[in-house]
Amino acid sequence: MATSTMDVLDFQHTPFYCEENVYLLCKKLCSDGIAKADGSDLFVVFISNEKKQIPLWNQKASKRADGVILWDYHVICIQIKQGDDPPVVWDLDSTLAFPSPLPSYVSETIRPTFQLFSDYYRLFRVVHAPIFLHSFASDRRHMKDSDEKWIEEPPPYEPIVAEDGTVHNLNEYINISIADVITDITISSVKDIIFTQKNGVVIKENQLEEFICPLSSLE
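Cut-offs used in this document
- Residues numbered from 1 in each chain as written.
- Predicted model: local features only at pLDDT ≥ 70, side-chain atom pairs only at ≥ 80, totals over all residues.
- Heavy atoms only, no water.
- Phe/Tyr/Trp six-rings, centres within 6.5 Å; stacked < 30°, edge-to-face > 60°.
- Helix = DSSP H or I, 4+ residues; strand = E, 2+ residues; numbered from the N terminus.
- Buried < 20%, exposed > 50% of the residue type's maximum accessible area, 1.4 Å probe, protein only.
- Lys NZ or Arg CZ within 6 Å of the ring centre and 35° of its normal.
- UniProt positions renumbered as here; feature names shortened; annotations may be inferred.
- Disulfide = S-S within 2.5 Å.
- Polar contact = N/O pair within 3.5 Å; in protein donor to acceptor, adjacent residues only side chain to side chain.
- Contact = heavy atoms within 4.5 Å.
- Core = buried A, V, L, I, M, F, W, Y, C linked by side-chain atoms within 4.5 Å.
- Pairing = 2+ DSSP bridges.
- Axes fitted to C-alpha atoms, helices over the stretch in contact; angles between N-to-C directions.
- Expected span 1.5 Å × (residues − 1).

**Thoughts on the packing of aromatic side chains**
Move 1: Tallied over the entire structure, the rule returns 13 aromatic pairs.
Move 2: Ring geometry for phenylalanine 16 versus tryptophan 71: centroids 6.4 Å apart, planes at 75 degrees, classification edge-to-face. Taken as a pair, phenylalanine 16 in the segment before α1 (18-31) and tryptophan 71 in strand β3 (residues 69-71) lie far apart in primary sequence, 55 residues in all.
Move 3: Given a relative accessible area of 41%, phenylalanine 16 falls into the partly exposed group.
Move 4: Between tyrosine 23 and phenylalanine 132, the ring centres sit 6.1 Å apart and the planes meet at 65 degrees, which makes this aromatic pair edge-to-face. Here the residue tyrosine 23 occupies a position in helix α1, and phenylalanine 132 occupies one in helix α3 (residues 129-135), the gap between them amounting to 109 residues.
Move 5: A residue is classified by how much of its surface remains accessible, and phenylalanine 132, at 0% relative accessible area, is buried.
Move 6: Three or more aromatic residues joined by ring pairs form one cluster here, namely Tyr23, Phe46, Phe132, Phe136 and Tyr173.
Move 7: Positioned over the ring face of phenylalanine 11 is lysine 28, at 5.6 Å from the centre of the ring.

Given below as structure tokens:
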């Protein structure tokens, strides 16, 4: 399947609605034949922490030269590959190549070697895309103030409703605690969880590549 750099403008993007952007991105990758039709080679990754303050570099919304910004949460898509090809990251808000090889994305966006205070440590909720596409829902209530006015303008399409009729469960994905982190990330331990659990698994930032790369062997 194609892995060459693509034009990010070919994908729906509404600033500050990264979870919906990634939902639609996954659907387009599947329908366009870039990913498997059922999305089984895709994983949706929510990045946040208990303080809801995570630094990421090379972000379009940043006003700094190094592109760093402090998000409350961010969402990306990771596509696993067969053979020796590394997984790739689809981040619609990044200034890096689209998509970017996972090792490059980790080193240039997450920068695990950069010393951070504990309040800024990143946690990753990894959800298998087929489950996410069936289960995710958002009525965008988190983007309204106390007067029911929009904090940021919403996307032009109707809110996403889960297949079971749920209208909002975003908090289940973005509320991430260190207590949720799994300690054993070996394939034998996670294979049954990652492909069945609606909310996926939570890992630490230094475990992302170690966790994602072996998943291709299960495809």
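**A look at the UniProt feature "domain: Protein N-terminal glutamine amidohydrolase alpha beta roll" (unreviewed entry) in the protein**
Move 1: If you check UniProt for "domain: Protein N-terminal glutamine amidohydrolase alpha beta roll" (unreviewed entry), the listed places come out as residues 13-211 in our numbering.
Move 2: Secondary structure across residues 13-211 comprises 24% helix and 17% strand; the distance between its end C-alpha atoms is 28 Å.

**Digging into the state of the cysteines**
Move 1: Applying the stated criterion across every chain, the model contains zero disulfides.
Move 2: Cysteine 77 takes part in no disulfide bond, and the closest cysteine sulfur to it belongs to cysteine 26, at a distance of 3.9 Å.

**Topic: the side chain of serine 62**
Move 1: With respect to the helices, strands and loops of the structure, serine 62 is situated in the loop between β2 (54-56) and β3.
Move 2: The exposure class of serine 62 is buried, given its relative accessible area of 14%.
Move 3: Among the polar contacts made by the side chain of serine 62, one reaches the main-chain carbonyl oxygen of valine 68 at a distance of 2.6 Å.
Move 4: When residues no more than four places from it in sequence are discounted, the contact partners of serine 62 are Gly67, Val68 and Ile69.

**Examining the nonpolar core**
Move 1: Ranked by internal contacts, the top residues of the largest apolar core, which has 33 residues, are Leu29, Phe46, Trp90 and Phe132.
Move 2: Looking at this core, the elements with two or more residues in it are α1, β1 (42-48), β4 (74-79), β5 (88-90), β7 (123-128), α3 and α4 (170-174).
Move 3: When residues of this core are assigned to their parent elements, the largest contribution, seven residues, is made by α1.
Move 4: Once residues within four sequence positions are removed from consideration, tryptophan 90 is found in contact with Met6, Phe11, Leu25, Leu29, Ile34, Ile76, Cys77, Gln79, Phe98 and Pro99.
Move 5: In terms of nonpolar packing, the next biggest core, distinct from the first, is built from 28 residues, Ile78, Leu96, Tyr105 and Leu208 among them.

**Observations regarding the sheet that holds β7**
Move 1: Ordered in space as β6-β5-β4-β1-β7-β8, the six strands form an open sheet in which the pairing is antiparallel. Every other strand in the sheet has two partners, leaving β6 (100-101) and β8 (201-204) as the edge strands with one partner each.
Move 2: With three bridges joining them, β4 and β5 adopt antiparallel strand pairing. Looking at β5, one finds that cysteine 77 is bridged to tryptophan 90.
Move 3: Against the sheet, α1 engages β1, β4 and β5, with an angle of about 20 degrees to β4.

**Comments concerning α1**
Move 1: For α1, which comprises 14 residues, the first-to-last C-alpha distance of 20 Å matches the rise-based estimate of 20 Å (1.5 Å per residue) to within 8%.
Move 2: Of all 14 residues in α1, ten are buried, a share of seventy percent or more.
Move 3: Of the residues making up α1, those classed as buried are Cys18, Glu19, Glu20, Asn21, Val22, Tyr23, Leu25, Cys26, Leu29 and Cys30.
Move 4: As for α1, its buried residues are in contact with β1, β4, β5, α3 and α4.
Move 5: Within two residues after α1, glycine 33 carries a phi angle of roughly 80 degrees, on the positive side.

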